[in-house]
Amino acid sequence: MNSNRLVGRRMSDIASIAAPLLVAAISLSTPAGAESAMAVGIARGGVAKGYATGFGLNQPTVNAARSSAVEGCRKMKNSNADARGHCEVVVTFHNKCVASAIDPKMGTPGAGWGIGDTQKAADGHALSRCRAVAGTDREDFCEVTDRYCDGNAK
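Just so you know, these numbers come straight off a predicted model, no measurement behind them. (Residues numbered from 1 in each chain as written. Predicted model: local features only at pLDDT ≥ 70, side-chain atom pairs only at ≥ 80, totals over all residues. Heavy atoms only, no water.)

Participant: Looking at this model, I keep getting lost on unusual backbone geometry. Mind explaining?
Facilitator: In most cases, non-glycine residues show a negative phi, while peptide bonds are predominantly trans. Of note, the phi angle at asparagine 58 is positive, near 50°, even though the residue is not glycine. Here asparagine 58 lies in strand 2 (residues 51–59). On the basis of relative accessibility, which here comes to 32%, the residue asparagine 58 falls in the partly exposed class. Even without being glycine, asparagine 95 reaches a positive phi, approximately 55°. Relative to the helices and strands, asparagine 95 is located in the loop between strand 3 (88–94) and strand 4 (97–102). (Helix = DSSP H or I, 4+ residues; strand = E, 2+ residues; numbered from the N terminus. Buried < 20%, exposed > 50% of the residue type's maximum accessible area, 1.4 Å probe, protein only.)

Participant: Looking at this structure, how should I read the state of the cysteines?
Facilitator: Disulfides are covalent bonds that link the sulfur atoms of two cysteine residues. By the definition in use, this model includes three disulfides. Here cysteine 97 is linked by a disulfide to cysteine 149, with a sulfur-sulfur distance of 2.0 Å. Here the S-S torsion is close to 100°, and the disulfide linking cysteine 97 with cysteine 149 is therefore right-handed. Here cysteine 97 is found in strand 4, whereas its partner cysteine 149 is found in strand 6 (residues 143–149), with 52 residues between them in sequence. Classification of cysteine 97 by relative accessible area gives buried; the value is 0%. Given the relative accessible area of 25%, cysteine 149 is considered partly exposed. Covalent S-S linkage joins cysteine 130 and cysteine 142, the inter-sulfur distance amounting to 2.1 Å. (Disulfide = S-S within 2.5 Å.)

Participant: What am I meant to see in the side chain of threonine 108 here?
Facilitator: Mapped onto the elements, threonine 108 comes out in the loop between strand 4 and strand 5 (111–116). A distance of 2.6 Å separates the side chain of threonine 108 from the backbone oxygen of lysine 105, its partner in a polar contact. When neighbours within four sequence positions are excluded, threonine 108 is seen to be in contact with Val47, Ala48, Asp103 and Arg138. (Polar contact = N/O pair within 3.5 Å; in protein donor to acceptor, adjacent residues only side chain to side chain. Contact = heavy atoms within 4.5 Å.)

Participant: Hey, could you run me through helix 4 (residues 119–134) in this one?
Facilitator: The periodicity of an α-helix, 3.6 residues per turn, causes residues three or four places apart in sequence to face the same way. For helix 4, built from 16 residues, the straight-helix expectation of 22 Å at 1.5 Å per residue is met to within 8% by its first-to-last C-alpha distance of 22 Å. What helix 4 keeps buried is the set Gln119, Ala122, Asp123, Ala126, Leu127, Cys130 and Ala134. An end-on view of helix 4 places all buried positions within 130° of arc, on one side of the element. Buried positions along helix 4 lie against strand 4, strand 5 and strand 6. Positioned one or two residues after helix 4, glycine 135 has a phi angle of 95°, which is positive. (Expected span 1.5 Å × (residues − 1). Arc of directions from axis to C-beta.)

Participant: What should I look at first to understand the pattern of salt bridges in this one?
Facilitator: Pairing between side chains of opposite charge can happen when their charged atoms approach one another. With the rule as written, the count across this model stands at five salt bridges. For arginine 44, the salt bridge identified is with aspartate 82, shortest N-O distance 3.5 Å. With a gap of 38 residues between them, arginine 44 in the loop between strand 1 (35–42) and strand 2 and aspartate 82 in helix 3 (residues 81–84) connect regions that are remote in the sequence. For arginine 44, a relative accessible area of 61% gives the class exposed. A salt bridge links arginine 147 to aspartate 123; its shortest N-O distance comes to 2.8 Å. Of this pair, arginine 147 sits in strand 6 while aspartate 123 sits in helix 4, and the two are 24 residues apart along the sequence. Residue class for arginine 147 comes out partly exposed when judged on its relative accessible area of 45%. (Salt bridge = Lys/Arg side-chain N within 4 Å of Asp/Glu carboxyl O.)

Participant: Please clarify how the layout of surface pockets should be interpreted in this entry.
Facilitator: One water molecule sets the probe size; rolling that probe over the atoms shows where empty space is left. In this structure, the largest pocket encloses a volume near 370 Å³. Lining the largest pocket are 22 residues; nearest its centre among them are Tyr51, Asn78, Ile102, Asp103 and Met106. Among the secondary structure elements, those contributing two or more residues to the lining of the largest pocket are strand 2, strand 4 and strand 6. (1 Å grid on protein atoms, 1.4 Å probe; cavity = no way out; pocket = protein on both sides within 12 Å on 5 of 7 lines; lining within 4 Å. Points joined across faces, edges and corners; volume = space filled by probe spheres on them.)

So, in structure tokens, the structure goes:
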């Protein structure tokens, strides 16, 4: 009987050591900050006059993600001052993917963004939004230009 108590005690000791290690391993697999946001700036007169995007990814708080996204949008080099001046957060997310799509021809209205549980889903939403506003003669030109996932999303 003493040997059963000894085995039981060893199992208890192993469990008391293993449990905290398992919790630590799980917590380390997720980024400490997985709060994210996307900001969009649209020039007066619409997307055809200017469009800017910015992303704040894997930030420690939602507010930090929002600030980072707006800051990135306001610094976007491939846009104009009017679009950059109108940057606002359009979505915040956690453990999701985001995508932005545009029609690359200057002066066209095609632009869209989307989020999803996977990058493929986010790309699909962004392309759908872009195609919906691009017009029938330009909808096939929409392409994903930015794509990111935060936290554990893929």
